[in-house]
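Geometric and topological summary
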Amino acid sequence: MRLGYWAAALAMAGGVSVTAIALSSVAANEPVPSGLTEAGRWRPEPFTSPVEANLVVPHAVSAVSASPTSASAPALPTAAAANAPLPVIKPPLAVWSREIASGDTLDGLLAEAGLTGPDRAETSLAISAEYDLRRLRPGHVLTVEMSANGSPRRVALDVDEGVRVEATFGDTLSTRVVSPEPEIVVLAGTTRIESSIFAALEDSGIPSRFAVDLAQMLGGTVDFRRDLGGGETLRLLWREARVEGDTIGQPKIAFASLDLGDALYEVVWPEDGTGRATMYLNGEVVRVFAEPVKGARLSSVFGRRKHPIYGNVRMHTGVDFAAPRGTSVRATAPGRIAFIGRRGGYGRVVEIAHGTETMTRYAHLSAVPDGLAEGQRVTAGDTIGRVGATGTATGPNLHYEVRVEGRPTDPLSDEGLSEAVEGEAQGNAGLDRLAEARARLEDALASDLASNTSERL
């Protein structure tokens, strides 16, 4: 019995060989119990790896999918779906962008963006073919798009008035200029002068640069210190160019009305690009003036001043208009070309005779139009040169001078030019322009009032 007990224990532990020996010994002495016989037949289940259990065999899956019990199994992709082209995944682009600061160069900015020397040279050459790189200035924006491998994909230079120069890299390098079509918005405003025209414009949210335009037209007729005692009404009409809601370029004044109580001064600026403005006093033409440089900044006035180069105090015989090199210079009144050439510190000049007594001089020019010759007649607004810095000049500007009987006079107060162009504004044409400008001002003011009322409601 003791041998039978040990044989059963070994069988339950899975010792197959020991069980066989024990059974052979017991068989010689006594019958084997039925329970021990069943235990001897036990075999462990086949081992299945957890990893293999989760593997899907293609032919086995197809068999299972046909089974009614596998309705919830996901359907296999069809042959057409398997052969469909995969979506194209574009490599990510790195974008670098910065506003140009004083002293920056295009090559330096491209190096800062990570372009190699050959890529910088190729990009600069492509952009310079569409834009003069000497005109780069603070406020322009350079944007560079780089692919994942570090090669440039696109370089964009945003310059003035929403214009963009783009260089695109591909099989070949292509360049294009994108010039958006701006929306022209007409605006109007009214302000009351308490201290100065500049302060009144600034306090009312009207572009303060219009003070220069008013000084050019009214400076010789209205004494801003004596005639403006406070409380005078100034009404203005101007135009702004906008692209996607952003104002581009400088606003352009179209009409001004200054009421001094006992005198009403009105100025109409034309829309034909000539810059030839007409001044009216109580509804009658007083003066016609074509600004020599459209939209330029008046940088120096007539009179004694400290010379910017020599440092001593001397008479400034004209007015200076600061403008970029190459900007068009136009005749301010009709006349005949009297001289083209160089005159010492004036540099390259063009002089126009207006009758026998009055002459205008345009100095520091960089160039004169081909075909312009002495003796040729010109009208107000005709291009007679380009802004430059020839002669004694600190930078690109136009020195504009008026001489009457050989003596320099203040260009902003001279009446000689008024006589030279008086015929251009006389008659019904000049009065029609004034009536039209008044009507546009009233319409714009009424529209602005209606808009503000709706917003308050």
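Thresholds applied
Residues numbered from 1 in each chain as written. Predicted model: local features only at pLDDT ≥ 70, side-chain atom pairs only at ≥ 80, totals over all residues. Heavy atoms only, no water. Helix = DSSP H or I, 4+ residues; strand = E, 2+ residues; numbered from the N terminus. Buried < 20%, exposed > 50% of the residue type's maximum accessible area, 1.4 Å probe, protein only. Contact = heavy atoms within 4.5 Å. Areas by Shrake-Rupley, 256 points an atom, 1.4 Å probe, with all protein chains shown as cover. pLDDT = per-residue confidence, 0-100. Pairing = 2+ DSSP bridges. Axes fitted to C-alpha atoms, helices over the stretch in contact; angles between N-to-C directions. Polar contact = N/O pair within 3.5 Å; in protein donor to acceptor, adjacent residues only side chain to side chain. Arc of directions from axis to C-beta. Core = buried A, V, L, I, M, F, W, Y, C linked by side-chain atoms within 4.5 Å. Phe/Tyr/Trp six-rings, centres within 6.5 Å; stacked < 30°, edge-to-face > 60°. Lys NZ or Arg CZ within 6 Å of the ring centre and 35° of its normal. Salt bridge = Lys/Arg side-chain N within 4 Å of Asp/Glu carboxyl O. Parallel < 35°, antiparallel > 145°, perpendicular 65-115°, else oblique. Left-handed = near helix turned anticlockwise from the far one by under 90°. Nonpolar A, V, L, I, M, F, W, Y, C, P; charged D, E, K, R; others polar.

Some words on the overall build of the protein
Across its full length, the protein holds twelve helices and 23 strands. Counting over 457 residues, the protein shows a buried share of 37%. Partitioning the contacts of the protein with sequence separation of at least 6, the portion at a separation of at least 24 is 57%. Carbon together with sulfur atoms contributes 53% to the accessible area of the protein, which is approximately 26,100 Å² in total.

A closer look at the environment of Ala-437
Locating Ala-437 in the fold gives a position in helix H12 (residues 428-456). Each C-alpha atom of the pair Ala-437 and Val-267 lies 9.2 Å from the other, and the pair is 170 residues apart in sequence. Not counting residues within four places of it along the chain, the set of residues in contact with Ala-437 comprises Leu-237, Phe-255 and Val-268.

Let's talk about the confidence of the model for the protein
In this model, the protein carries an average pLDDT of 77, and 67% of its residues clear a pLDDT of 70 or more. Counted against residues more than four places away or in other chains, residues 13-28, with its pLDDT under 50, gives ten contacts. Counting contacts from residues 55-71, a segment whose pLDDT is below 50, to residues more than four positions away or on other chains yields four contacts.

Concerning the pairing of strand E8 (residues 246-259)
Examined bridge by bridge, strand E7 (residues 232-243) and E8 share ten bridges and lie antiparallel to one another. Bridged to Arg-242 within E8 is Thr-247. Hairpin geometry of E7 and E8 is characterised by an intervening segment of two residues between the two adjacent antiparallel strands and by a positive phi of about 55 degrees at Glu-244. Of the strand pairs in this sheet, E8 and strand E9 (residues 264-268) are connected by five bridges, and their pairing is antiparallel. Residue pairing across strands places Phe-255 opposite Val-268, the latter belonging to E9. Where E8 folds back on E9, the antiparallel hairpin that results is connected by four residues, among which Gly-261 adopts a positive phi of roughly 95 degrees.

Remarks on the pairing of strand E22 (residues 397-404)
The element E22 is largely enclosed, with a buried count of eight among its eight residues. Covered by surrounding structure in E22 are Asn-397, His-399, Glu-401 and Arg-403 together with Leu-398, Tyr-400, Val-402 and Val-404, the residues of both alternating faces. Here strand E15 (residues 319-322) runs beside E22; their pairing, made up of four bridges, is antiparallel. In the strand pairing of E22, Val-319 is matched with Tyr-400. As defined by bridge partners, strand E19 (residues 358-365) adjoins E22 across six bridges and the pair is classed as antiparallel. Within the sheet, the bridge partner assigned to Thr-360 lies in E22 and is Val-402. Note that E22 and strand E23 (residues 407-409) share three bridges and pair antiparallel. Directly across from Arg-403, in E23, lies its bridge partner Pro-408.

Considering the sheet that holds strand E1 (residues 94-99)
For sheets, the rule is that strands pair by backbone hydrogen bonds, running either parallel or antiparallel. Here we have five strands laid out as an open sheet, ordered E1-E2-E3-E4-E5, and antiparallel in their pairing. Edge strands, defined here as strands with exactly one partner in the open sheet, are E1 and strand E5 (174-178). Neighbouring strand axes in the sheet, compared pairwise and without regard to direction, differ in orientation by 15 degrees on average. Set on the sheet, helix H8 (residues 117-128) makes contact with strand E3 (152-158), strand E4 (164-168) and E5; between it and E3 the angle comes to about 40 degrees.

Focus on the side chain of Arg-120
In this structure, Arg-120 sits in helix H8. There is a polar contact of 3.1 Å between the side chain of Arg-120 and the side chain of Asp-107.

Examining helix H7 (residues 106-113)
Within the span of H7, buried status applies to Leu-106, Leu-109, Leu-110 and Ala-113. Down the axis of H7, the buried side of the element spans an arc of 100 degrees, and every buried residue falls inside it. Looking at the buried side of H7, the elements it contacts are E1, H8, strand E2 (141-146) and E3.

A word on the nonpolar core
In terms of nonpolar packing, the biggest core is built from 25 residues, with Ile-197, Leu-201, Leu-218, Leu-234, Leu-236, Tyr-265 and Trp-269 touching the most fellow members. Of all elements in the fold, only helix H9 (197-203), helix H10 (210-218), E7, E8, E9 and strand E10 (276-281) reach the threshold of two or more residues within this core. A total of five residues in this core trace back to one element, the largest contributor, which is H10. Leave out the neighbours within four places in its chain, and Leu-218 touches Phe-224, Leu-258, Tyr-265, Val-267 and Met-279. By size, the runner-up hydrophobic cluster in this structure holds 20 residues, among which are Ala-323, Ile-352, Val-387 and Leu-398.

A word on the packing of aromatic side chains
Within this structure, the stated rule accounts for two aromatic pairs. Measuring from ring centre to ring centre gives 5.4 Å for Tyr-362 and Tyr-400, while their planes differ by 45 degrees; the resulting arrangement is tilted. Here Tyr-400 lies in strand E22 and Tyr-362 lies in strand E19, a separation of 38 residues in the sequence. Considered together, Tyr-362 and Tyr-400 belong to a single accessibility category, that of buried residues. Residue placement shows Arg-361 over the ring face of Tyr-346; its charged tip is 4.6 Å from the ring centre.

Some points on the pattern of salt bridges
For the coordinates displayed, the defined rule picks out 18 salt bridges. Put simply, Arg-235 and Glu-442 hold a salt bridge, and the shortest N to O gap is 3.0 Å. In this pair, Arg-235 is assigned in strand E7 and Glu-442 in helix H12, connecting sequence segments 207 residues apart. In this structure Arg-235 comes out as partly exposed when scored by relative accessible area, which is 25%. Residue Arg-242 is joined to Glu-240 by a salt bridge in which the shortest nitrogen-to-oxygen separation is 3.2 Å. Its relative accessible area of 26% is what places Arg-242 among the partly exposed residues. Bridged by salt links that share partners, the residues Glu-145, Arg-154, Asp-158, Arg-164, Glu-166 and Arg-176 form one connected network.

With respect to the packing of H7 against H8
Where H7 meets H8, the closest approach of the two axes is 10 Å, and the angle between their N-to-C directions is 135 degrees. Judged by the angle between their axes, H7 and H8 are oblique. For the element pair H7 and H8, the recorded crossing hand is right-handed. The residues of H8 that touch H7, namely those facing Leu-106, Asp-107, Leu-110 and Ala-111, are Arg-120, Thr-123, Ser-124 and Ile-127. In terms of residue class, the contact of H7 with H8 is made up of four nonpolar, two polar and two charged.

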